[in-house]
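Single-letter residue listing:
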Amino acid sequence: MKRLKCLIVFLCFFPYLIWAQEANHIQADTTKKLQENTYQNLLDSLTQTIKKYGLEKQIMQKSLQEAETQKNLSLWGFIGAGISVLIVVFLIIRNVRQKDLLIEQQQTIEEQNHELQAQTEELRQQQEEIAAQRDDIIQKNKVLAEKNKLIQESIQVASLIQKALLAKTTNLQDYFRGFAILSKPKDIVSGDFYWVGRVQHTTIVVLVDSMGHGVPAAFISLTINMLLKEIVLIRKQISPDIILEELNNNLRQIIHHNGENSHNISADIAICSIQKTIGDSFCIDFAGARRPMLYVLNNEIMRFRGNRVSVSSDTTWEEHFENETIELSSKTRIFIFSDGLTDQNNKEGKKFGENQLIQILQKGISESIQNQIQNVERALLEHQGGCPQRDDILMVAIEL
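Keep in mind that what you see is a predicted model, and the values were worked out from it rather than measured.

Draft legend 1. Quick peek at the packing of aromatic side chains. All chains considered together, the criterion is met by 2 aromatic pairs. On the numbers, 6.1 Å between centres and 15° between planes, the contact of Phe-286 with Phe-304 is stacked. One end of the pair, Phe-286, is in strand β5 (residues 281-289); the other, Phe-304, is in strand β7 (residues 300-304), and 18 residues separate them in sequence. Phe-304 shares its class with Phe-286; the two are buried. Pairing Tyr-295 with Phe-304 gives two aromatic rings, centres 5.0 Å apart and planes at 45°, and the pair type is tilted. Members of the aromatic cluster, joined through ring pairs, are Phe-286, Tyr-295 and Phe-304. Over the face of the ring belonging to Phe-282 we find Lys-276, whose NZ or CZ atom lies 5.8 Å from the ring centre.

So this is what it looks like as structure tokens:
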């Protein structure tokens with residue numbers, strides 16, 4: 001019964017409970033909806049506020065950007081204006097400097113123009129002087145050419161006279177088995193010459209190397225040639241040492257005849273006195289004034305050195321000449337020569353030399369006398385090369 005009461009009570013209150021629960025559900029739903037609406041309204045309001053704030057922020061940022069842009073534009077405008085001012089100032093300064101520079105250049109050009117005008121005037125005067133000097137030189141050259149022509153003609157005539165007065169090869173042909181001559185004058189006329197004279201059975205062969213070369217030496221050679229004729233052919237003197245002493249004394253008398261002692265004239269001379277003896281032998285007396293004689297003995301080239309003094313017009317010299325004597329057989333050769341041969345230099349300044357001459361003669365000792373002299377001439381030209389000839393050259397080779 002009790003349970004029934006409880007059931008009836010439950011059944012009576014069950015609908016209420018269901019209604020109450022339903023009401024609670026409805027109220028909860030309503031409350032929830034109200035809360036949701038409230039939240040939504042708040043959210044919408046907040047969203048609108050945020051949007052409004054964002055829009056305002058965008059507006060403020062845009063304003064700030066515009067202000068910044070305006071500031072930048074103002075700054076760049078100021079900078080541009082400053083640069084423009086600087087450019088204008090620079091251009092003004094440059095124009096001023098250019099004007100100053102142009103003024104300086106104009107002044108310099110004017111000064112240079114004045115200087116050029118002065119130089120031009122000086123050059124014009126110099127050209128006039130040069131033209132006058134040229135005309136004078138041309139005229140002098142014409143005069144010199146005419147004088148040179150006359151001198152050359154005179155020298156040619158002097159050469160002909162010298163050749164006519166000096167010894168001829170026919171003299172050697174008449175007195176000796178064979179002979180050869182090497183003659184190379186430095187100029188048209190020469191101071192070197194040979195002389196041949198005969199007194200009875202004695203033949204005198206003389207080689208003279210006059211001081212210097214050219215016309216002065218040629219005059220000395222003619223003087224000595226005249227004296228030799230007088231001493232040997234007229235006075236009949238055949239001893240070489242005495243001939244040298246008389247040449248020395250006579251040359252002094254001729255040169256100092258007018259009392260002038262300012263110039264010394266000298267000559268280097270080799271004298272051979274050759275006399276045929278019994279059989280095929282020859283006695284040779286030799287005296288040399290600074291000139292040697294080479295001869296062949298037993299197929300060897302030998303040498304007489306001569307004295308170490310020249311024939312000279314200088315009265316302060318004490319000359320002494322001595323004879324050297326040798327007996328040679330027939331077909332033997334003797335050689336006398338001027339120092340122009342042995343003193344000829346090459347490009348290195350080395351002289352041809354007497355020793356080299358002896359070697360060449362020794363090498364060709366079995367050849368003809370003409371070949372021997374040709375060998376000497378070839379060796380001399382090879383040694384000389386392109387060097388100019390420094391003196392007259394003369395060599396006389398005789399085969400007894």
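Draft legend 2. Main features of the layout of surface pockets. Estimated volume of the largest pocket: approximately 450 Å³. Along the wall of the largest pocket there are 14 residues; nearest its centre are Arg-290, Arg-291, Pro-292, Arg-308 and Glu-354. Tallied by class, the residues present in the lining of the largest pocket amount to 1 nonpolar, 4 polar and 9 charged.

Draft legend 3. Main features of the side chain of Asp-339. Relative to the elements of secondary structure, Asp-339 occurs in helix α5 (residues 339-342). No salt bridge is formed by the buried Asp-339, whose closest oppositely charged neighbour, Arg-291, lies at an N-O distance of 4.8 Å. The contact partners of Asp-339, leaving out residues within four places of it in the chain, are Asp-209, Asp-268, Arg-291 and Asp-391.

Draft legend 4. Structural context of the sheet that holds strand β11 (residues 393-399). Reading across the sheet, the 5 strands line up as β1-β11-β10-β6-β7 and stay open at both edges, with antiparallel pairing between neighbours. The two strands at the open ends of the sheet, each matched to only one other strand, are β1 (178-184) and β7. Ignoring which end each strand starts from, the neighbouring axes of this sheet average 15° apart. Bridge count between strand β6 (residues 293-297) and strand β10 (residues 333-337): 2 bridges; the pairing is antiparallel.

Draft legend 5. Spotlight on the environment of Leu-222. You can see Leu-222 is positioned in helix α3 (residues 214-234). As a C-alpha pair, Leu-222 and Gly-191 span 31 residues in sequence and 8.7 Å in three-dimensional space.

Draft legend 6. Here's a closer look at the packing of helix α6 (residues 354-363) against helix α7 (residues 369-384). It is the contact of α6 with α7, at a shortest axis distance of 9 Å, that shows an interaxial angle of 140°. Between α6 and α7, the crossing angle belongs to the class labelled oblique. At the point where α6 passes α7, the crossing takes the right-handed sense. Where α6 approaches α7, its residues Gln-356, Leu-357, Ile-360 and Leu-361 are matched on the opposing element by Gln-372, Asn-375, Val-376, Ala-379 and His-383.

Draft legend 7. Spatial organisation of the confidence of the model for the chain. The predicted model of the chain averages 83 in pLDDT, with 80% of residues at 70 or higher. When the elements of the chain are averaged for pLDDT, helix α1 (residues 2-165) gives the smallest value, 73, and β10 the largest, 97.

Draft legend 8. Structural detail: the packing of α3 against helix α4 (residues 240-255). It is at 10 Å that the axes of α3 and α4 come closest, and there the two elements cross at 125°. Considered as vectors, α3 and α4 are oriented oblique to each other. α4 is crossed by α3, and the crossing has right-handed handedness. Here Thr-223, Ile-224, Met-226, Leu-227, Leu-228, Ile-231 and Val-232 of α3 come into contact with α4, specifically with Ile-243, Glu-246, Leu-247, Asn-250, Leu-251 and Ile-254. The residue inventory of the contact of α3 with α4, partitioned by class, reads 10 nonpolar, 2 polar and 1 charged.

Scoring rules and cut-offs
Residues numbered from 1 in each chain as written. Predicted model: local features only at pLDDT ≥ 70, side-chain atom pairs only at ≥ 80, totals over all residues. Heavy atoms only, no water. Phe/Tyr/Trp six-rings, centres within 6.5 Å; stacked < 30°, edge-to-face > 60°. Helix = DSSP H or I, 4+ residues; strand = E, 2+ residues; numbered from the N terminus. Buried < 20%, exposed > 50% of the residue type's maximum accessible area, 1.4 Å probe, protein only. Lys NZ or Arg CZ within 6 Å of the ring centre and 35° of its normal. 1 Å grid on protein atoms, 1.4 Å probe; cavity = no way out; pocket = protein on both sides within 12 Å on 5 of 7 lines; lining within 4 Å. Points joined across faces, edges and corners; volume = space filled by probe spheres on them. Nonpolar A, V, L, I, M, F, W, Y, C, P; charged D, E, K, R; others polar. Lys, Arg positive; Asp, Glu negative; His and termini not counted. Salt bridge = Lys/Arg side-chain N within 4 Å of Asp/Glu carboxyl O. Contact = heavy atoms within 4.5 Å. Pairing = 2+ DSSP bridges. Axes fitted to C-alpha atoms, helices over the stretch in contact; angles between N-to-C directions. Parallel < 35°, antiparallel > 145°, perpendicular 65-115°, else oblique. Left-handed = near helix turned anticlockwise from the far one by under 90°. pLDDT = per-residue confidence, 0-100.

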